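# Architecture at a glance
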Amino acid sequence: PARKDAADRGRTLRAAVQRVLEGQTLGSIVTGRLTRRDGELREVELALAALPDHGQRVLQMVVSDVTERRREAAELERSRQALRDLSASVVEAREEERRRLSRELHDELGQRLTALKIDLANLKADAAPVAAMQTMLDDTLASVRRIASDLRPLMLDDLGLTAATEWLARDASRRTGIAVHTRLPLAEPAVDQRVATALYRMV
C-alpha cells in the first residue's frame with residue numbers, strides 16, 4: 001500500500017508539472033509526504049509556478065514543510081469534536097432528567113391527587129367545603145400536568161414526535177385563542193430520540 005501511495009503521489013506531481021509547463025495553469029499546489037534522510041515522514045506542500053527565462057519556460061518549485069500545521073489543525077478539530085460531544089452529552093443528560101421528573105410528577109403526584117379527589121367525592125360532609133377542596137384539587141392537578149408537560153411531554157416518548165407536535169399546537173391555540181394549524185407527515189419521521197427532542201424544542 002505504501003508503494004502504491006507513493007506511485008499515486010508521483011503521478012499527481014508529474015501531471016501538475018505538465019499542466020504548469022504547458023501553460024494550462026499559472027501555478028499549482030500539490031500536497032504529499034516526503035521521507036527525510038533520518039527516516040522521519042513529513043507532510044509537505046509543493047508550490048509549482050512557471051517562470052519565463054530567455055524564451056523558455058522554467059519550473060519553480062517551493063517545498064514547504066506543513067507537518068506541524070497539519071498536526072495542530074488535526075488537534076484543533078479533535079478538540080472541537082470533543083466539545084461537541086460534551087455539549088451533546090450535557091443536553092442528553094438534561095433531557096433524561098426532565099424525562100424522569102416529568103414521569104414522577106405524572107405518575108406519582110398525579111395519581112395521588114386523583115385518588116384524593118375520588119375520596120373527597122365520596123365524602124358525605126358539608127358540600128361547600130368539599131366543593132372548594134375539589135376545585136383546589138382540580139387546579140393542582142392541572143398545574144402538575146402543565147409542569148410535567150413543560151418539563152417533557154410524555155407523549156413525545158410514548159406516541160412520538162407527530163402526536164406531541166399536534167398536542168403542542170392544540171395547547172397553544174387553547175391558551176392564546178389563536179388558531180394554530182399543523183402540516184405534518186402521516187408517517188412518523190424516522191429520527192432518533194435526540195433529533196425528535198431537538199425538533200420538539202424548536203417547535
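Please read these numbers as outputs of a predicted model, since none were measured by experiment. (Residues numbered from 1 in each chain as written. Predicted model: local features only at pLDDT ≥ 70, side-chain atom pairs only at ≥ 80, totals over all residues. Heavy atoms only, no water.)

## Brief notes about the overall build of the chain
Looking only at helices and strands, the chain features six helices and three strands. In sequence order, the secondary structure elements of the chain are arranged as α-β-β-β-α-α-α-α-α. Within the chain, buried positions represent 20% of all 203 residues. Partitioning the contacts of the chain with sequence separation of at least 6, the portion at a separation of at least 24 is 47%. About 14,800 Å² of surface is accessible on the chain, with carbon and sulfur atoms providing 57% of the total. (Helix = DSSP H or I, 4+ residues; strand = E, 2+ residues; numbered from the N terminus. Buried < 20%, exposed > 50% of the residue type's maximum accessible area, 1.4 Å probe, protein only. Contact = heavy atoms within 4.5 Å. Areas by Shrake-Rupley, 256 points an atom, 1.4 Å probe, with all protein chains shown as cover.)

## Things to note about the nonpolar core
Listed in full, the eight residues of the largest apolar core are A16, V17, V20, V30, V44, L46, L48 and A50. Counting residues per element, the ones that place at least two in this core are α1 (2-21) and β2 (41-53). Counting residues per element, this core draws most heavily on β2, which supplies four residues. (Core = buried A, V, L, I, M, F, W, Y, C linked by side-chain atoms within 4.5 Å.)

## Here's the deal with the confidence of the model for the chain
Residues at a pLDDT of 70 or more form 90% of the chain, whose mean pLDDT is 81. Mean pLDDT per element in the chain: α1 is the minimum at 70, and helix α5 (residues 161-176) is the maximum at 89. (pLDDT = per-residue confidence, 0-100.)

## Overview of the side chain of T162
Inspection of the secondary structure assignment puts T162 in helix α5. Note on T162: relative accessible area 12%, which makes it buried. Apart from residues no more than four positions distant in its own chain, T162 is found in contact with L184, P185, A187, E188 and P189.

## Quick word on helix α6 (residues 193-202)
Every α-helical turn comprises 3.6 residues, leaving residues that sit three or four positions apart pointing alike. All buried positions along α6 are accounted for by A196, T197 and Y200. On an axial view of α6, the arc spanned by its buried residues comes to 100 degrees, and they lie on one face. In α6, the exposed positions angled more than 90 degrees off the buried face are occupied by R194 and M202. (Arc of directions from axis to C-beta.)

## Description of the environment of M61
Inspection of the secondary structure puts M61 in strand β3 (residues 56-65). With relative accessibility at 39%, the residue M61 sits in the partly exposed group. Each C-alpha atom, one on M61 and one on I29, is 9.5 Å from the other, the two residues being 32 residues apart in sequence. Not counting the four nearest positions on each side in its chain, M61 is found in contact with L13, L46, A47 and L48.

## Looking at the pattern of salt bridges
Under the criterion given, the structure shown has 19 salt bridges. Between E43 and R70 there is a salt bridge whose closest N-O contact spans 3.2 Å. Taken together, the positions of E43 in strand β2 and R70 in helix α2 (residues 67-121) put the pair 27 residues apart, joining distant regions of the chain. Salt-bridge contacts for R100 lead to E97; the nearest nitrogen and oxygen are separated by 2.4 Å. Linking R100 with E97, this pair stays in helix α2, spanning three residues, or about one helical turn. (Salt bridge = Lys/Arg side-chain N within 4 Å of Asp/Glu carboxyl O.)

## Describing the packing of α5 against α6
Close contact between α5 and α6 brings their axes to 10 Å; oriented N to C, the two are set at 15 degrees. Taken together, the axis directions place α5 and α6 in an arrangement best described as roughly parallel. In the packing of α5 onto α6, the handedness of the crossing is right-handed. Here α5 contributes L161, A164, W167 and L168 to the contact with α6, which in turn contributes A196, L199 and Y200. Of the residues assigned to the contact of α5 with α6, the class counts are seven nonpolar, no polar and no charged. (Axes fitted to C-alpha atoms, helices over the stretch in contact; angles between N-to-C directions. Parallel < 35°, antiparallel > 145°, perpendicular 65-115°, else oblique. Left-handed = near helix turned anticlockwise from the far one by under 90°. Nonpolar A, V, L, I, M, F, W, Y, C, P; charged D, E, K, R; others polar.)

## With respect to α2
Between its first and last C-alpha, α2 extends 79 Å over 55 residues, near the 81 Å set by a 1.5 Å rise per residue. In α2, a bend of some 30 degrees at G110 exceeds every other bend along the element. Burial in α2 covers these residues: T67, E95, R99, S102, G110, L113 and L120. (Expected span 1.5 Å × (residues − 1). Bend = angle between axes of the 7 residues up to and from the residue.)

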